[in-house]
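Residue-level structural notes
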Amino acid sequence: MAGAREDSRALFGAGVRAALEAWPALQIAVENGFGGVHSQEKAEWLGGAMEEYFIRNADLELDEVEDFLGELMTNEFDTVVEDGSLPQVSQQLQTMFHHFQRGDGAALREMASYITQRKNRITATALTTAREMDEDGADSTEEMEVTATNDAAATAGICSQPEPSDPDSPKTIQEEDIVEDGWTIVRRKK
């Protein structure tokens, strides 16, 4: 029975680390060195610290987990998490701990696997999107340069605005024309 408990603890630790590794707020803090030169080591330490926190405090409430994790992020990574992910990650960790307390290794394994697969899917999607943006960005820049060159003479008369005769008069604007590609030309009211 002690062996099963140890296996369950190892699965719990792996689940905690998987949840933290998949947490974008922590990953951004690590990638940008918010924890200093040892950000990666601090992230690894954070997994162990959270695991120990649960083991030493069997009856934690969700807000206690949130507070502790938020405090660690603030102290170790100089990061305040305000994207709404802190309660979600805390809930995942608490759910894993409940599985650990019941000795439900299968549920721990399944949860860690789900988190890891989801992280990999999100990472793959982000990479694909980044590549598409790079490709689209290059095309858009070229198109924008061509459009600016071709339309400069045509829009010069439309966009030029006479200065008001009275410099103290309030400047009001109104919508005048909608160009065929969706741009709105705005001029001062005369």
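What counts, and where the lines are drawn
- Residues numbered from 1 in each chain as written.
- Predicted model: local features only at pLDDT ≥ 70, side-chain atom pairs only at ≥ 80, totals over all residues.
- Heavy atoms only, no water.
- Helix = DSSP H or I, 4+ residues; strand = E, 2+ residues; numbered from the N terminus.
- Buried < 20%, exposed > 50% of the residue type's maximum accessible area, 1.4 Å probe, protein only.
- Areas by Shrake-Rupley, 256 points an atom, 1.4 Å probe, with all protein chains shown as cover.
- Salt bridge = Lys/Arg side-chain N within 4 Å of Asp/Glu carboxyl O.
- Arc of directions from axis to C-beta.
- Expected span 1.5 Å × (residues − 1).
- Axes fitted to C-alpha atoms, helices over the stretch in contact; angles between N-to-C directions.
- Parallel < 35°, antiparallel > 145°, perpendicular 65-115°, else oblique.
- Left-handed = near helix turned anticlockwise from the far one by under 90°.
- Contact = heavy atoms within 4.5 Å.
- Nonpolar A, V, L, I, M, F, W, Y, C, P; charged D, E, K, R; others polar.

**So, the overall build of the protein chain**
Helix and strand content of the protein chain: six helices and two strands. Starting at the N terminus and walking to the C terminus, you meet the elements of the protein chain as α-α-α-α-α-α-β-β. Within the protein chain, the fraction of its 190 residues that count as buried is 26%. Carbon and sulfur atoms form 52% of the exposed surface of the protein chain, whose accessible area is close to 12,800 Å².

**So, the pattern of salt bridges**
In this structure the tally under the stated criterion is five salt bridges. Residues Arg-9 and Glu-52 are paired through a salt bridge, measuring 2.5 Å at the closest nitrogen-oxygen approach. Pair noted here: Arg-9 is in helix α1 (residues 2-21) and Glu-52 is in helix α3 (residues 39-56), with a separation of 43 residues, a long-range link. Its relative accessible area of 27% is what places Arg-9 among the partly exposed residues. Given the relative accessible area of 29%, Glu-52 is considered partly exposed. Glu-52 is the salt-bridge partner of Arg-56, the closest N and O atoms lying 3.3 Å from each other. On the criterion of helical spacing, the pair formed by Arg-56 and Glu-52 is a turn pair, its members being four residues apart in helix α3. Each of the salt bridges in this network shares a partner with another, and the network as a whole consists of Arg-9, Arg-17, Glu-51, Glu-52 and Arg-56.

**As for helix α2 (residues 24-31)**
Buried residues of α2: Ala-25, Leu-26, Ala-29 and Val-30, and no others. The buried residues of α2 occupy an angular sector of 130° when projected down its axis, which confines them to one face. Downstream of α2 by a residue or two, Gly-33 has a phi angle that is positive, lying close to 70°.

**Description of helix α5 (residues 85-102)**
The first and last C-alpha atoms of α5 sit 26 Å apart over 18 residues, in line with the 26 Å expected at 1.5 Å per residue. For α5, every residue scored as buried is listed here: Ser-85, Leu-86, Val-89, Ser-90, Leu-93, Gln-94, Met-96, Phe-97, His-99 and Phe-100. Once α5 finishes, Gly-103 follows within two positions and takes phi at roughly 75°, a positive value.

**Thoughts on the packing of α3 against helix α4 (residues 62-77)**
For any two helices packed against each other, one specifies the inter-axial angle together with the distance between the axes. Contact pair α3 / α4: the axes reach a minimum separation of 11 Å and the direction vectors enclose 155°. With respect to α4, the axis of α3 lies roughly antiparallel. Along this stretch, α3 crosses α4, giving a crossing that reads as right-handed. Where α3 abuts α4, its residues Ser-39, Lys-42, Ala-43, Trp-45, Leu-46, Ala-49, Met-50, Tyr-53 and Phe-54 lie against Glu-64, Val-65, Phe-68, Leu-69, Leu-72, Met-73, Glu-76 and Phe-77. Along the lines of polarity and charge, the residues of the contact of α3 with α4 split into 13 nonpolar, one polar and three charged.

**Looking at the side chain of Ser-90**
Inspection of the secondary structure puts Ser-90 in helix α5. Dropping the residues within four chain positions of it, Ser-90 is found in contact with Leu-62, Val-65, Glu-66 and Leu-69.

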